[in-house]
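Structural overview for review
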Amino acid sequence: DLNMISWQHLGYAPGKQKSIYRKVRIGRSDKPIIMKETLKKGDHLKRDIGKGLTCIMPMVLSGDAQSTYPKGSPALLHELNKKIDAFSKIHLNIDDRNLWIGNIINAWNVFQHFYPYFDVVAVDWDKVHLLSLRNILASKTVEGYSQVLDRMVARLEDGHGYVYRGNSSKKGGLPIRVAYIEGGIVITGSLDERFKKGDRIISIDNVDGVEILKRAEQFVSGSPQLRRWRALNQYGSGQLGTVAEIRLLRDNQEIRLKYERLTETRGFFFNRISEFKFPGIRKYEDGVYYINLYNVDAEAYLKILDALADAKGIIFDWRSDGTFNRQKKRLNYTTDLVPHLIKRRVNTANWNIPKIIRPDRENMFFHHSFWSIEPKAPFFKGKILFINVPSCVSYGETIMGIIEHYKLAEFVGMSTAGCNGNVTFINLPGFYRIMFTGMKVLKHDGSQHH
């Protein structure tokens, strides 16, 4: 039996550059995984890799439980590792352009062989490789290198795609939240009285307000709705300490002001500045309850389960106001929410775990699995509604996929992110780390979700 354990991505802590995970059993199979290709001793790959060079690599190695044959020399290996360590301390510096080039090549190759969504993403990945290398050679700063990585990951259109930059980021931000409304950029929340809700941004540093958004979207990976959502979260950011020259339109009057960009506190995944604060739980006079899925305290929620069962209706809201109290117990949607909406067992969407033997995803196949949720009393009898936003990603998509397939509630608001599946990380020298989706997810009926 395969009782497979994995780390499931629950989302991002609002206002924090940190991901949240939980350990889950992702499936059970009574049959072993059968390789779709039989390899035998002597099988090898032979590939032309350009400039008259050929790569020949064995597909099968002989060995015992400890090592492959022929056995190498431990002393020589020890000396080699010492030389590598010494080289790393001297040369693996984030300011070294050779490191930038190597990281681009390494990251591109991981995606080339292991990213499971190239069948639905319209991108010429070889062209991206060459373009990224050209841009790296033209880059003169660490920030320029970081942007090349960002743009490369953005071409994957992966909602989990993100480049963690270690300690090299020196981004400065503005104290505002904005939205794209009626063809323009409008301030919807502010921590500085010089910016008012409803102000329309004409330009920043002589760049049109909408053009700033479009440029930022080029460095964000994911669906169109998710790219826009995340680009808006840190709208107007720039080099720390630079002074932004801002033109605003307020009550048909143009206002000019200057603002020094301080350390960016708005998150990439969540902007902690909000138009208003969301309550965790609220009961309305007509018997309808409101539950904010980010602000609700799980213990307070569990105490009112009987009242929720008898409620006229329940509104579940995926929006975040940026607050995140780590002292609160988080709601577990698979045990505390979905079981009260169902009367029979339900299944998740289809998890497809890549099984890779050859390079370039040749003959890639998948192990299929899912997990189930059992009903649990008390059962919610009223009408159920979910307010969706593009920040509902990964684990949130799992929950919404179940609710969509089994028709357990109505949806309003915006589209979810269009991204599900367990995440994988690429650790790169220079304290850079890239996150991407490593598992392919299809909807319950086998259709495309990504």
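Since the model is a prediction, treat every value here as computed from it, not as a measurement. (Residues numbered from 1 in each chain as written. Predicted model: local features only at pLDDT ≥ 70, side-chain atom pairs only at ≥ 80, totals over all residues. Heavy atoms only, no water.)

1. As for the overall build of the protein
The test is simple: Each helix corresponds to a stretch of at least 4 residues labelled H or I by DSSP, and each strand to a stretch of at least 2 residues labelled E; elements are numbered beginning at the N terminus. Two things to know: the radius of gyration comes from C-alpha atoms, and the globule rule equals 2.2 Å times the number of residues to the power 0.38. Buried residues are those whose accessible area, probed at 1.4 Å on protein chains only, stays under 20% of the maximum for their type, while exposed residues exceed 50% and partly exposed ones sit between those limits. We call two residues in contact whenever any of their non-hydrogen atoms come within 4.5 Å of each other. Note on areas: Shrake-Rupley with a 1.4 Å probe; residue coverage comes only from the protein chains shown.
Assigned secondary structure in the protein consists of 10 helices and 26 strands. For 450 residues, the compact-globule formula gives about 22 Å, and the C-alpha radius of gyration of the protein, at 25 Å, lands near that figure. Counting every position in the protein, which comprises 450 residues, the buried fraction comes to 47%. Within the protein, contacts between residues at least 6 apart in sequence are counted, and of these 67% link residues at least 24 apart. With the model as given, the accessible surface of the protein reaches about 24,000 Å², and the carbon-plus-sulfur share is 52%.

2. Looking at the pattern of salt bridges
As a reminder, the rule being used: A pair is scored as a salt bridge if a Lys or Arg side-chain nitrogen falls within 4 Å of a carboxyl oxygen belonging to Asp or Glu.
Per the stated rule, a full pass over the model turns up 21 salt bridges. Notably, a salt bridge pairs aspartate 192 with arginine 194, separated by 3.0 Å at the nearest N-O pair. Taking the relative accessible area as the measure of exposure, aspartate 192 reaches 15% and is therefore buried. A salt bridge links glutamate 362 to arginine 358; the shortest N-O distance between them is 4.0 Å. A residue is classified by how much of its surface remains accessible, and glutamate 362, at 33% relative accessible area, is partly exposed.

3. Re the packing of helix α5 (residues 209-217) against helix α6 (residues 224-233)
Rules: Axes, fitted as lines to C-alpha atoms, cover a helix only where it is in contact. Angles between the N-to-C directions of the axes lie from 0 to 180 degrees. Crossings are sorted by hand: turned counterclockwise from the far helix by less than a right angle, the near helix makes the crossing left-handed, and turned clockwise it makes it right-handed. Each residue is assigned to one class: nonpolar for Ala, Val, Leu, Ile, Met, Phe, Trp, Tyr, Cys and Pro, charged for Asp, Glu, Lys and Arg, and polar for all the others, Gly among them.
As a packed pair, α5 and α6 sit with axes 9 Å apart at the nearest point and diverge in direction by 115°. The two elements α5 and α6 cross, and the hand of that crossing is right-handed. Contacts between α5 and α6 pair Leu213, Ala216 and Glu217 from the former with Arg227, Arg228, Ala231 and Leu232 from the latter. Of the residues in the contact of α5 with α6, the class split is 4 nonpolar, no polar and 3 charged.

4. Details of the sheet that holds strand β6 (residues 171-173)
As a reminder of what qualifies: Only strands joined by at least two bridges in the DSSP assignment are considered to pair.
Sheet architecture is open: 3 strands sit in the order β11-β6-β14, paired in antiparallel fashion. Every other strand in the sheet has two partners, leaving β11 (238-239) and β14 (262-263) as the edge strands with one partner each. Sheet topology places β6 next to β11; 2 bridges connect them, and they run antiparallel. Residue pairing for β11: glycine 172 is matched across the bridge by glycine 238.

5. A short note on a nonpolar patch on the surface
Defined as follows: The patch calculation keeps residues exceeding 30% relative accessible area without a salt bridge and links them within 9 Å when they carry like charges or within 5 Å when they are nonpolar (Val, Leu, Ile, Met, Phe, Trp, Tyr).
A contiguous nonpolar surface patch, about 270 Å² in accessible area, is contributed by Leu77, Leu80 and Ile84. Residue position: leucine 80 is located in helix α1 (residues 74-91). Leucine 80 sits in the partly exposed class, given a relative accessible area of 45%.

6. Looking at the nonpolar core
In globular proteins that are soluble, nonpolar side chains generally tend to be buried together. Stated precisely, the cut-off is as follows: Buried Ala, Val, Leu, Ile, Met, Phe, Trp, Tyr and Cys residues that are joined via side-chain atoms within 4.5 Å together make up what is termed a nonpolar core.
By size, the foremost hydrophobic cluster in this structure holds 97 residues, and its most contacted members are Phe111, Tyr301, Phe316, Phe380 and Phe386. If near-sequence neighbours (up to four positions away) are discounted, phenylalanine 380 is found in contact with Tyr301, Leu305, Leu308, Ala309, Ile314, Phe316, His340 and Leu341.

7. Side note on the pairing of strand β23 (residues 410-413)
The line we're drawing: For crossovers, right-handed means that the path from the first strand over the helix to the second runs clockwise, given strands pointing away from the viewer.
Sheet analysis places strand β22 (residues 383-388) next to β23, joined by 4 bridges and oriented parallel. Across the sheet, the residue bridging to leucine 385 is glutamate 410, located in β23. The parallel pair β22 and β23 is bridged by helix α10 (residues 395-405), and the resulting crossover is right-handed.

8. Overview of the pairing of strand β13 (residues 253-260)
Inspection of the sheet shows strand β12 (residues 243-250) paired to β13 by 8 bridges, in the antiparallel sense. Within the sheet, the bridge partner assigned to leucine 248 lies in β13 and is isoleucine 255. Hairpin connection of β12 to β13: 2 residues between the antiparallel strands, including aspartate 251 at a positive phi of 50°.

9. Side note on the sheet that holds strand β26 (residues 440-442)
Pairing is antiparallel in the open sheet, where 3 strands are placed in the order β20-β19-β26. Single-partner strands in this sheet number two, and they are β20 (365-369) and β26. Neighbouring strand axes in the sheet, compared pairwise and without regard to direction, differ in orientation by 30° on average.

10. Considering the confidence of the model for the protein
Regions with low pLDDT carry predicted coordinates that are not meant to be interpreted in detail. Selection criterion: Each residue carries a pLDDT score, the predictor's confidence in it, ranging from 0 to 100.
Of the residues in the protein, 91% reach a pLDDT of 70 or more, and the chain-wide mean stands at 89. Low pLDDT (under 50) marks residues 1-17, which in the prediction has 86 contacts with non-local residues, meaning those over four places away or in another chain. Counting contacts from residues 23-30, a segment whose pLDDT is below 50, to residues more than four positions away or on other chains yields 31 contacts.

11. With respect to the packing of aromatic side chains
Note the threshold: Here is the rule: rings of Phe, Tyr and Trp (six-membered ring for Trp) pair when centre to centre is within 6.5 Å. Planes less than 30 degrees apart are stacked, more than 60 are edge-to-face, and the remainder are tilted. Placement of a positive charge over a ring is assigned whenever Lys NZ or Arg CZ falls within 6 Å of the ring centre and within 35 degrees of the normal to the ring plane.
One pass over the full model with this rule turns up 22 aromatic pairs. Judged by centre distance (4.7 Å) and plane angle (85°), the rings of tyrosine 162 and tyrosine 164 are edge-to-face. Each residue in the set Trp108, Phe111, Tyr115, Tyr117, Phe118, Trp125 and Phe436 is aromatic and connected to the rest through ring pairs, giving one cluster. Directly above the ring of phenylalanine 379 sits lysine 343, whose terminal nitrogen or CZ lies 5.2 Å from the centroid. The ring of phenylalanine 425 has arginine 433 lying over it, and the distance from NZ or CZ to the ring centre is 3.9 Å.

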